[in-house]
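Architecture at a glance
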Amino acid sequence: MERDLSLFTVGPTDSLRLAMEKIDRNKHRVVVVVDEGRVLGTVSDGDVRRAYLHEQLPITPVSQIMQLNPHVTTETDPERRRAALLRERVTVLPVVDEDNVLLDVELAYEPFAD
Amino acid sequence: MRHIAILTEARSSYGYLRPIARLIEADPELQYSLIVTNQHLLPDFGYSVEEIERDGLNITDRIYMTLDGYTPATMVKSLGVLLLSLGDAFVRLQPDFVLVLGDRGDSLMAALAGAHMNIPVAHIQAGERSGNIDGLTRHAITRFAHVHFASGPDAAERLRRMGEDEWRIQLVGAPQLDELVRGDVAPPEEIAERFELDLTEPLLLVVQHPVTEEYGEGVEQMRETLEAVCELRHQTVLIFPNTDAGSDDLRLLVERYHRPFMRLERNVPRRVYGGLMQAASALVGNSSSGLIEAPALNLPAINVGERQRDRARAPNVIDVPHNRSAIADAIRRALSAEFRAGLANGDSPYVSDGRVSERIVEFLKTVPIDARLLRKQIAY
């Protein structure tokens, strides 16, 4: 099944509020920041929380607070992807090609039912 | 008790003000107030005020000044905000001395405010040459400063020729080298772990800022450097540019060029930056650290473009234009064993014996604050 990535991605100029909304809806605590298809970084609920503690506003663009060096994988094999995810201990592992273009996300948990 | 107000606007300068603040703290006859502004207070630049807080220094003022937009006009307005705020801060703090450093507009604002309010101004890194608006700013600070700390004989001579009184010129050395000379930097193991690096392989450190006079060209200039880095594919740590005009576009470009062999950092503590310089195989870009600090570590520096045009340099510097193949060739040359072997210890116009900060503090403590100090005449 093709995963709908829209709930897992935001653009660099999107707001912290939008990121938090998507994190809330995707239930995986993280969104990937994507520009022209390429992964720029990630934003977790913890990143947003810390940003608010630093007096950032809901309208602050995510590019100001995103993690710049997220773990990603270029693995195509599902088992190896899974292994990479477990190794990095993240809830969402972006799957990219050689040019850092986002292809998919590997998820640590199945989403909880609403 | 003599009270010294210290201005810091960015990571790069904070690192060598810290030892000075510590020495003041340890002296019962001195006290200081740290005024924190500009980049330190911006999340885009890693919010480096937190490093100062962790160090436990006495921050008395946080002056938010940086207007969004990062154009030449916003730079000017931002400096205006700082100048306005410093007037109030100095009224409240009533310092006996204002201590500034380098060649940035922020320091010029503090020198202007101090001189107008009859507070003597002391300037670290006075008299050096640097290109562009920075060079003009440095010598403008000299006009308003009452004490000039020179990092080498060349800088001291320039101050003399500018007509500054001999007794105001203190040849103390370069304080930014104190910590390097004393080895107070993050060890290689810490650097390897923090940035996930393999230090048996070549490591490039990239720091490239926009140049005010070349506003609008910064993105293409950065693209040339990034293309060279991407061609070579060595592991690379890239640190984001400062807040000067054009820096926001540069940051977006860098983010788009992000590849798995690169680490991007908004900001790193001075101690870690020293460790990175020590661990790196070459420094690429237009940071002054390639000319001032790198020679002390025998680190080759590929100096790109005109930003450091007039600054004195050691044999570790390879000057190149903004051209990807020239940059790539220079990096290859810098990584060669022959080049590295040719870098002799201590061969640099910037000197330190690890005690520069002590000399600065001693002078601030003992120079009489009187009419002679405050009434400047340009002798030449």
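Computed from a predicted structure; not experimentally measured.

**Details of unusual backbone geometry**
Residue and element names in this part refer to chain B. The backbone of N38 sits at a positive phi, close to 45°, despite the residue not being glycine. Structurally, N38 can be placed in the loop between strand 2 (30-37) and helix 2 (49-55). What makes N38 buried here is the crowd of 24 C-beta atoms within 10 Å. Its identity is not glycine, yet N298 carries a phi of approximately 55°, on the positive side. Structurally, N298 can be placed in the loop between strand 11 (282-285) and strand 12 (301-304). Residue classification places N298 among the partly exposed positions, given that 19 C-beta atoms sit within 10 Å.

**Comments concerning the sheet that holds strand 3 (residues 59-63) of chain B**
Residue and element names in this part refer to chain B. Judged by pairing direction, the sheet is parallel, and its seven strands sit side by side in the order 3-2-1-4-5-6-7 without closing on themselves. Looking along the sheet, the strands with just one partner apiece sit at the ends: strand 3 and strand 7 (169-171). Averaged over neighbouring strand pairs, the angle between their axes works out to 20° when direction is ignored. Sheet analysis places strand 1 (residues 2-8) next to strand 4 (residues 97-101), joined by three bridges and oriented parallel. Of the residues in strand 4, the one forming a bridge with A5 is V98. Running at roughly 155° to strand 3, helix 3 (residues 72-93) makes contact with strand 1, strand 2 and strand 3 of the sheet.

**Focus: the sheet that holds strand 3 (residues 38-44) of chain A**
Residues and elements named next belong to chain A. Read across the open sheet, the three strands follow the order 1-2-3; overall the sheet is mixed. The open sheet is flanked by strand 1 (9-10) and strand 3, the only strands paired with a single partner. Across six bridges, strand 2 (residues 30-35) lies against strand 3 in antiparallel orientation. Along strand 3, the bridge assignment pairs V31 with V43. Along the sheet, helix 1 (residues 16-26) makes contact with strand 1, strand 2 and strand 3, crossing strand 2 at roughly 130°.

Conventions we followed
- Residues numbered from 1 in each chain as written.
- Chains lettered and ligands numbered in written order.
- Predicted model: local features only at pLDDT ≥ 70, side-chain atom pairs only at ≥ 80, totals over all residues.
- Helix = DSSP H or I, 4+ residues; strand = E, 2+ residues; numbered from the N terminus.
- Buried ≥ 20, exposed ≤ 12 C-beta atoms within 10 Å, placed from the backbone.
- Pairing = 2+ DSSP bridges.
- Axes fitted to C-alpha atoms, helices over the stretch in contact; angles between N-to-C directions.
- Contact = placed C-beta atoms within 7 Å.

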